[in-house]
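What follows is each chain in one-letter form.
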Amino acid sequence: MKNRYIKVAAVQSAPPILFDKQSAMGKIENMTREAAGQGAHLIVFPEVFLPGYPRGLSFGTRVGSRNADGRRDWERYWASAMDIPGSETETFGELAKELGVYLVIGVVERDQEFSTGTLYNSMVYIGPDGNLLGKHRKLVPTGSERLLWGQGDGSTLTVIDTPFGRIGGLICWENYMPLARMAMYAQGIDIYLAPTADARDTWQATIRHIACEGRSFVISCNQFATKASYPADLACYEDLKEDADILSRGGSAIVGPLGEYVVKPLYNQEGILFATLDLSQVTQSRYDFDVAGHYSRPDVFQLIVNDKKQEVVRTAGMQY
């Protein structure tokens, strides 16, 4: 029998210095310790917390052209990304093991398999035993995000089985993709994670809909970010000159499986949202609606998910 109660934490913050891996690592450690100190066993950080979401920056790009300054800024962003697995995941593992927590962090990931020039917007899962449990790469970066990050594939539609239920999720506007959501629901997800960079009021409608649709708890966390965290020596820093000091107001929230707020959105400040979730509510909520069960109608609708890793080169032995 699973433990039906779990205390969770949604972190709303940003690294003190964007484009600085060590700054982000230090903030992750401090806020993880703070959350664990208040009894949280599942701690979730926002989209690309390491090394930060570069809101407002153009990286010297216009349609049809890129400039040298923008390329240098992108190289700096690349240098502050991380490998999965790698030394950073080992550090996260040591922290999670020491504190006995599940740790889920939005990061910028360097491709270490097929190239050295592609970054991914990823979510990394660390267990309380210190092990890397899995990762998810954002399937479709949104708008100009495509200048920074490649597309993930179906091999990282990750759901993790835990003593308190199954956890997994999608990143930001992936959550507007109905088929991607269905691929997650079909894996029996109980706690749905939705790290984001969207601070608009309409995002709240999205996470409440997902909770109702998937009959799961939803943990959504966003960065609270200001201009002060941006290095002034970035070539594209001038892109921010007309922007307000608060670049992302947050809006992190926790929603129950019938779409009601467990913790209402937090705006215009850094903070950690806490809630103790009763997973029996997930079971109860599916009495009248189970999107991957009695409401699925596979005789009418079917979804095919390609969960194979996509390889740019496949080597086959030749017979001579």
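Residues numbered from 1 in each chain as written. Predicted model: local features only at pLDDT ≥ 70, side-chain atom pairs only at ≥ 80, totals over all residues. Heavy atoms only, no water.

Tracing the backbone shows threonine 162 in strand E8 (residues 159-162). A C-alpha to C-alpha distance of 16 Å links threonine 162 and tyrosine 185, two positions 23 residues apart in sequence. Polar side-chain contacts of threonine 162 include one of 2.5 Å to the backbone oxygen of glycine 165. (Helix = DSSP H or I, 4+ residues; strand = E, 2+ residues; numbered from the N terminus. Polar contact = N/O pair within 3.5 Å; in protein donor to acceptor, adjacent residues only side chain to side chain.)

Attention now moves to the pattern of salt bridges. A full pass over the atoms with the stated rule returns 19 salt bridges. Of the charged contacts, one joins arginine 215 and aspartate 288 as a salt bridge, the two residues approaching to 3.3 Å between their closest N and O atoms. Here aspartate 288 lies in the segment after helix H6 (280-285) and arginine 215 lies in the loop between helix H5 (201-214) and strand E11 (217-220), a separation of 73 residues in the sequence. You can call arginine 215 buried: its relative accessible area is 12%. For the salt bridge of arginine 297 with aspartate 299, the shortest nitrogen-to-oxygen distance reads 2.7 Å. Connected via shared salt-bridge partners are Glu29, Arg33 and Glu98. (Salt bridge = Lys/Arg side-chain N within 4 Å of Asp/Glu carboxyl O. Buried < 20%, exposed > 50% of the residue type's maximum accessible area, 1.4 Å probe, protein only.)

On the surface, Phe114, Val312 and Val313 cluster together into a nonpolar patch covering about 300 Å² of accessible area. In this structure, valine 313 sits in the segment after H6. We classify valine 313 as exposed; its relative accessible area is 56%. (Patch = residues over 30% accessible without salt bridge, like charges linked within 9 Å, V, L, I, M, F, W, Y side chains within 5 Å. Areas by Shrake-Rupley, 256 points an atom, 1.4 Å probe, with all protein chains shown as cover.)

For the rest of this paragraph, the subject is the pairing of strand E5 (residues 102-110). The buried fraction of E5 is high, at nine of nine residues. On E5, burial covers both faces: Tyr102, Val104, Gly106, Val108 and Arg110 on one face and Leu103, Ile105, Val107 and Glu109 on the other are all buried. Relative to E5, strand E2 (residues 42-44) is paired through three bridges, and the arrangement is parallel. If you follow leucine 42 over to E5, its bridge partner there is tyrosine 102. (Pairing = 2+ DSSP bridges.)

Time to look at the sheet that holds E2. In space, the six strands of this open sheet follow the order E7-E6-E5-E2-E1-E15, with mixed pairing throughout. Whereas interior strands pair on both sides, the edge strands pair on one side only; in this sheet they are strand E7 (132-137) and strand E15 (271-278). Averaged over all neighbouring strand pairs, the angle between strand axes comes to 25°, with direction disregarded. Bridging between strand E1 (residues 5-12) and E2 involves three bridges; their strand directions are parallel. Residue pairing in the sheet places valine 8 in a bridge with leucine 42 of E2. Sitting on the sheet, helix H3 (residues 87-99) is in contact with E5 and strand E6 (119-126), with an inclination near 25° to E6. (Axes fitted to C-alpha atoms, helices over the stretch in contact; angles between N-to-C directions. Contact = heavy atoms within 4.5 Å.)

Bringing the UniProt feature "active site" (unreviewed entry) in the chain into the picture now. UniProt annotation of "active site" (unreviewed entry) refers to Glu47 when read in the numbering used here. Relative to the elements of secondary structure, glutamate 47 occurs in the loop between E2 and strand E3 (61-62). (UniProt positions renumbered as here; feature names shortened; annotations may be inferred.)

To continue, consider the packing of aromatic side chains. The full count for this structure, using the stated rule, is 10 aromatic pairs. With a centroid separation of 5.2 Å and 70° between ring planes, the pair formed by phenylalanine 45 and phenylalanine 49 is classed as edge-to-face. Across this residue pair, the class does not change: phenylalanine 45 and phenylalanine 49 are buried. With centroids separated by 5.4 Å and ring planes inclined at 65°, the aromatic side chains of tryptophan 173 and tyrosine 176 adopt a geometry described as edge-to-face. (Phe/Tyr/Trp six-rings, centres within 6.5 Å; stacked < 30°, edge-to-face > 60°.)

Attention now goes to unusual backbone geometry. Across the junction of leucine 50 and proline 51, the peptide omega takes the value 0°, indicating a cis bond. Checked against the element boundaries, proline 51 lands in the loop between E2 and E3. At the junction of isoleucine 84 and proline 85, the peptide bond is cis and its omega measures out at 0° in the coordinates. Note on placement: proline 85 falls in the loop between helix H2 (68-79) and H3. One non-glycine residue with positive phi stands out, namely phenylalanine 59, at about 50°. For phenylalanine 59, the location among the structural elements is in the loop between E2 and E3. Assessed through its relative accessible area of 7%, phenylalanine 59 is described here as buried.

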